[in-house]
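# Report on the structure
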Amino acid sequence: MSIDTECLLSLNNITYTYDDGTVALADVSLDIYAGQRIAVVGPNGAGKSTLFLTMNGVLTPDCGVITCKGTTIEKKNRKLLRQTVGIVFQEADDQMIASTVLGEVSFGPMNLKLPIAEVRARTDEALAYMNLTGFKDRPPHYLSGGEKKRVSIADVLAMKSDIILMDEPTAALDGKNQSMLEDVLERLWQERKTIMISTHDVDFAYRWADWMIVLCDGHILAVGDPVTVFLNDELLQKASLKKPIMLEMTEYLKEKGLLESGVFPRTPGEYIKNHRGGER
Ligand code: ADP
Ligand code: MG
C-alpha cells in the first residue's frame, strides 16, 4: 500500500513552553499523511510526549499553526483535532476514568453519540484485539501496568481515529503482548490508519516504521526513512540512539562480502532471501 498524498495534519513552527519556563518544543514543523507509520525517537526529555499532547489538542502551543484536514485549529474547533487524533498516553493512569474495563473502552464511542449497536461492536472488537475480553468487569485501577496499557490502547482503537499516537506503548508490555501489539499495528495499517509511536526500542522502529522523526531538546533533529536515519552515525550520537541490531548485522555481512551492498533487510526472513547463496 502506498502512502496517500492527503495531508491529515500539519504543524507549522510550533513552540510549547511549560509554566516553569521549560521550552519543550521549539519551532517544530511536520506534515502527517494518511497511511504513514511513524516512529518518534529521541532521548528522555526530548519533547516526544509534549509533541503528542500538542498534536491531539491536550496542550495548546504558544505559537505556530496546526492544520487538520485543511482546517486551521483554533479554540472553537479543537474538537476536530480530538476526533482526528487519538492518543495512548505514556502514563496509562492519566487515561482511565470508568469503573470497569468495559465502561472504560465504551466511553469514547458513547461520547461520539454512535448507535448503541455500533458502540458495542467497536468495544468488543477493541477488547478482543487487546486480549481483554475476560477483563470486561474488572476495575481498571486494579490492573497491572501492562494490563492498564492494553486497556488504554483498546480505548483508542474503539475511537477509530484517523491518526493514532502511542507514547512509548511497548515499555510496559511483556513479550507476548508486544507481539500482539505489532499484530494490531499491522491491522491498523491495513485499515489505512496513520500510526505514530514514540519509542526507545530502535529494533522495533527499524523493522516497523516507514518514516522517522528524531527529536532532541525540543527540536526536530532529522526526519527520514529508518535506513537513512540509522546509517547516520553522527545523528545517532547526537540523539543518544543505538543502532538497530539488524542494521549492525547488515553492515557486518556486507563487510564480509556476504550481502549485496544495496539491500537493507529489516527482518530475519529478509536476510535469508538476500544472503548470498541463500534461498531466493
Ligand atoms: P520526552 O517525552 O521526550 O521524554 P517530554 O515531552 O516529557 O519529553 O519533556 C520535554 C521537556 O519538558 C523536558 O525537559 C521535561 O523536563 C519538560 N516537562 C515535561 N512536562 C513538564 C511539566 N509538566 N512542567 C514542566 N516541564 C515539563
Ligand atoms: Mg515521554
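Fair warning: this is a prediction, and the values are worked out from it, not measured in the lab.

Reading guide: rules and limits
- Residues numbered from 1 in each chain as written.
- Chains lettered and ligands numbered in written order.
- Predicted model: local features only at pLDDT ≥ 70, side-chain atom pairs only at ≥ 80, totals over all residues.
- Heavy atoms only, no water.
- Pairing = 2+ DSSP bridges.
- Helix = DSSP H or I, 4+ residues; strand = E, 2+ residues; numbered from the N terminus.
- Donors = N, O, S within 2.8 Å, 3.2 Å for Na, K, Ca; no water.
- Salt bridge = Lys/Arg side-chain N within 4 Å of Asp/Glu carboxyl O.
- Buried < 20%, exposed > 50% of the residue type's maximum accessible area, 1.4 Å probe, protein only.
- Near = heavy atom within 4 Å.
- Polar contact = N/O pair within 3.5 Å; in protein donor to acceptor, adjacent residues only side chain to side chain.
- Areas by Shrake-Rupley, 256 points an atom, 1.4 Å probe, with all protein chains shown as cover.
- Nonpolar A, V, L, I, M, F, W, Y, C, P; charged D, E, K, R; others polar.
- Core = buried A, V, L, I, M, F, W, Y, C linked by side-chain atoms within 4.5 Å.
- Axes fitted to C-alpha atoms, helices over the stretch in contact; angles between N-to-C directions.
- Contact = heavy atoms within 4.5 Å.

In the sheet, strand E1 (residues 7–17) pairs with strand E2 (residues 23–33) via seven bridges, with the strands oriented antiparallel. From the neighbouring strand, Ile-14 faces E2, where its bridge partner is Val-28.

The subject of this paragraph is the coordination of the magnesium ion (ligand 2). On the protein side, the magnesium ion (ligand 2) has Ser-49 (OG) and Gln-90 (OE1) as donor atoms, found 2.1 to 2.2 Å from it. Placement of the pair is Ser-49 in helix H1 (residues 48–55) and Gln-90 in the loop between strand E6 (85–88) and helix H3 (101–111), with a sequence separation of 41 residues.

Here the idea is simple: oppositely charged side chains can pair when their charged atoms come close. Inspection of every chain in the model, using the stated rule, returns nine salt bridges. Ionic pairing is found between Lys-69 and Asp-162, a salt bridge with its closest N-O pair at 2.5 Å. In this pair, Lys-69 is assigned in the loop between strand E4 (63–68) and strand E5 (71–72) and Asp-162 in the loop between helix H5 (145–159) and strand E7 (163–167), connecting sequence segments 93 residues apart. A salt bridge links Lys-160 to Glu-125, with the shortest nitrogen-to-oxygen separation between them at 3.1 Å. In this pair, Lys-160 sits in the loop between H5 and E7 while Glu-125 sits in helix H4 (residues 116–129), placing the two residues 35 residues apart along the sequence. Taking the relative accessible area as the measure of exposure, Lys-160 reaches 31% and is therefore partly exposed. Relative accessible area serves as the criterion here: at 34%, Glu-125 is assigned to the partly exposed category.

This part is about the site of ligand 1. Taken together, the residues surrounding ligand 1 are Tyr-18, Asp-20, Thr-22, Ala-24, Pro-43, Asn-44, Gly-45, Ala-46, Gly-47, Lys-48, Ser-49 and Thr-50. With respect to ligand 1, the side chain of Thr-50 contributes an N or O atom lying 2.5 Å from an oxygen atom. Relative to its unbound accessible area of 560 Å², ligand 1 is 63% covered by the protein chains. Here the element with the most residues in the shell around ligand 1 is H1; it accounts for three residues. Considering only residue class, the shell around ligand 1 consists of four nonpolar, six polar and two charged.

Turning next to the environment of Asp-124. Position of Asp-124 among the secondary structure elements: in helix H4. As for Asp-124 and Gly-146, which are separated by 22 residues in sequence, their C-alpha atoms are 19 Å apart.

Let us look at the nonpolar core. Judged by nonpolar contacts, the single largest core of 52 residues is most densely connected at Met-130 and Leu-185. At six residues, the largest contribution of residues to this core is made by H5. Within the second largest apolar cluster, 30 residues are counted, among which are Ile-32, Ala-46, Cys-68 and Val-85.

Before going further, it helps to examine the sheet that holds strand E3 (residues 37–41). Reading across the sheet, the six strands line up as E6-E7-E8-E3-E9-E10 and stay open at both edges, with mixed pairing between neighbours. Every other strand in the sheet has two partners, leaving E6 and strand E10 (219–224) as the edge strands with one partner each. For this sheet, the mean inter-axis angle between neighbouring strands, taken without regard to orientation, is 20°. With five bridges joining them, strand E9 (residues 211–216) and E10 adopt antiparallel strand pairing. Within E10, the residue paired with Met-212 across the bridge is Gly-224. Along the sheet face, H5 touches E6 and E7 and points at about 175° away from the line of E6.

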